[in-house]
Amino acid sequence: MRRADRLFQIVQILRNRRMVTAKALAERLEVSERTIYRDIQVLSLSGIPIEGEAGVGYMLRHSLDIPPIMFSAAELEALVIGARMVKTWAGKELGHSAQSVLDKVTAVVPAELREQLERSKLFALRFSQREDLDVTMDICRKALDGKRLLCMDYRRADGTFSQRRIRPLGLYFWGNVWTLVGWCELRGDFRNFRLDRILRALVLEEAFTDDPGQTLQDFIRRMHCSPQ
């Protein structure tokens, strides 16, 4: 996370709570407490009205003047459950971003809507937590965003293993399973890969272009033309 982004996050967190310790901020932003102390100093010198001290905690003296964002109650519920699903199912990086969205919205909605947001009874749970699956998700997203080839060791449903080199095209969520669709260089065709069967994934430096017949749109068209 860039320092500018981290400073913004600190302000958003402080806006939503009465008092926050440096330790809590450090854990939330995955940095050291010393880094938090330096960031607090930078924010204070820039004019952000922060009160507090090391070992006690920090808070904003008064609300910053940011125009409110207007949501209906149903829109807030949709935002909450969407963010909670992303935090649970979409990997660590997107999970942190989902929490950041909630923090920003909580900071600017009117008080009555803020209370409704915090009282939401909609949850997204995953009982079999797998750290490796979160890592795989982040790796696949990185390859997708950079349009870079992905090399992976894959275990098929019948237990056989293979190494694939693919052009990643899209990620799909099926309720409890993510699949990666890509152009497989080994098969010379589109293939779907379950993320929970990817044993190892590596983003290569080699980028790829959208060649005719090998794009996500081509895959979608083929699926639409397939017999039901």
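What counts and how
- Residues numbered from 1 in each chain as written.
- Predicted model: local features only at pLDDT ≥ 70, side-chain atom pairs only at ≥ 80, totals over all residues.
- Heavy atoms only, no water.
- Helix = DSSP H or I, 4+ residues; strand = E, 2+ residues; numbered from the N terminus.
- Contact = heavy atoms within 4.5 Å.
- Polar contact = N/O pair within 3.5 Å; in protein donor to acceptor, adjacent residues only side chain to side chain.
- Pairing = 2+ DSSP bridges.
- Axes fitted to C-alpha atoms, helices over the stretch in contact; angles between N-to-C directions.
- pLDDT = per-residue confidence, 0-100.
- Expected span 1.5 Å × (residues − 1).
- Buried < 20%, exposed > 50% of the residue type's maximum accessible area, 1.4 Å probe, protein only.
- Phe/Tyr/Trp six-rings, centres within 6.5 Å; stacked < 30°, edge-to-face > 60°.

The name an unreviewed UniProt entry gives the chain is YafY family transcriptional regulator, with Methylomonas fluvii as the organism.

**Q** What should I look at first to understand the environment of I10 in this one?
**A** As for its placement among the helices and strands, I10 is situated in helix α1 (residues 3–16). Not counting chain neighbours up to four residues away, the residues in contact with I10 comprise L29, I36, D39, I40 and L43.

**Q** Looking at this structure, I do not really get the side chain of D218. What am I missing?
**A** Checked against the element boundaries, D218 lands in helix α8 (residues 216–225). Engagement of the side chain of D218 in a polar contact is seen with the side chain of T215, the distance being 2.8 Å. When neighbours within four sequence positions are excluded, D218 is seen to be in contact with F190, D211, P212 and G213.

**Q** It is not clear to me how the sheet that holds strand β5 (residues 178–184) should be interpreted in this structure. Could you clarify?
**A** What links the strands of a sheet is backbone hydrogen bonding, and the strands pair in either a parallel or an antiparallel sense. Taken in spatial order, the five strands make up an open sheet running β6-β5-β4-β3-β7, and their pairing is antiparallel. Strand pairing shows two members of the sheet lacking a second neighbour, β6 (189–194) and β7 (198–207), which therefore form its edges. Adjacent strand axes in the sheet meet at a mean angle of 45 degrees when their direction is disregarded. For strand β4 (residues 161–173) and β5, the ladder comprises seven bridges, and the chain directions are antiparallel. Within β5, the position partnered with L171 by the bridge is L180. Its contacts with the sheet place helix α7 (residues 131–146) against β3 (148–155), β4, β5 and β7, and it is angled at close to 75 degrees to β4.

**Q** So what exactly am I meant to see when it comes to the confidence of the model for the chain here?
**A** As a note on interpretation, predicted positions should not be read in detail where pLDDT is low. Per-residue pLDDT for the chain averages 83, and the proportion of residues at 70 or more is 90%. Across the chain, the secondary-structure element scoring lowest on mean pLDDT is helix α6 (residues 111–118), at 74, and the one scoring highest is β3, at 95.

**Q** Is there a simple way to think about helix α4 (residues 73–89) in this case?
**A** For an α-helix the count is 3.6 residues per turn, leaving residues at separations of three or four pointing the same way. With 17 residues, α4 extends 24 Å between its outermost C-alpha atoms, agreeing within 8% with the 24 Å of an ideal straight helix rising 1.5 Å per residue. Looking at α4, one finds that the buried residues are L76, V80, A83, T88 and W89. One or two steps after α4, the chain reaches G91, where phi turns positive at roughly 90 degrees.

**Q** Sorry if this is basic, but what is going on with the pairing of strand β1 (residues 50–53) here?
**A** Side-chain direction in a regular strand flips from residue to residue, so the side chains alternate between the two faces of the sheet. In this sheet, strand β2 (residues 57–60) lies alongside β1 in antiparallel orientation, the contact comprising four bridges. Bridge assignment links G52 to a residue of β2, and that residue is Y58. Joining the antiparallel neighbours β1 and β2 is a turn of three residues, in which G55 adopts a positive phi near 90 degrees.

**Q** I tried to follow the packing of aromatic side chains on my own but got confused; where do I start?
**A** The geometry of two aromatic rings is summed up by the distance between their centres and the angle between their planes. Within this structure, the stated rule accounts for six aromatic pairs. On the numbers, 5.0 Å between centres and 40 degrees between planes, the contact of F173 with W178 is tilted. Overall, W178 belongs to the buried group, its relative accessible area being 17%. A network of ring pairs unites the aromatic residues W89, F173 and W178 as a single cluster.

**Q** Honestly, unusual backbone geometry in this entry has me stumped. Any pointers?
**A** Trans is the common state for peptide bonds, and a negative phi is the common state for residues other than glycine. Although it is not a glycine, E30 sits at a positive phi angle of roughly 60 degrees. Note on placement: E30 falls in the loop between α2 (22–29) and α3 (33–45). Note on E30: relative accessible area 57%, which makes it exposed. At K147, a residue that is not glycine, the phi angle is positive and equals roughly 50 degrees. When you line up the elements, K147 lands in the loop between α7 and β3. Judged by relative accessible area, which is 30%, K147 ranks as partly exposed.

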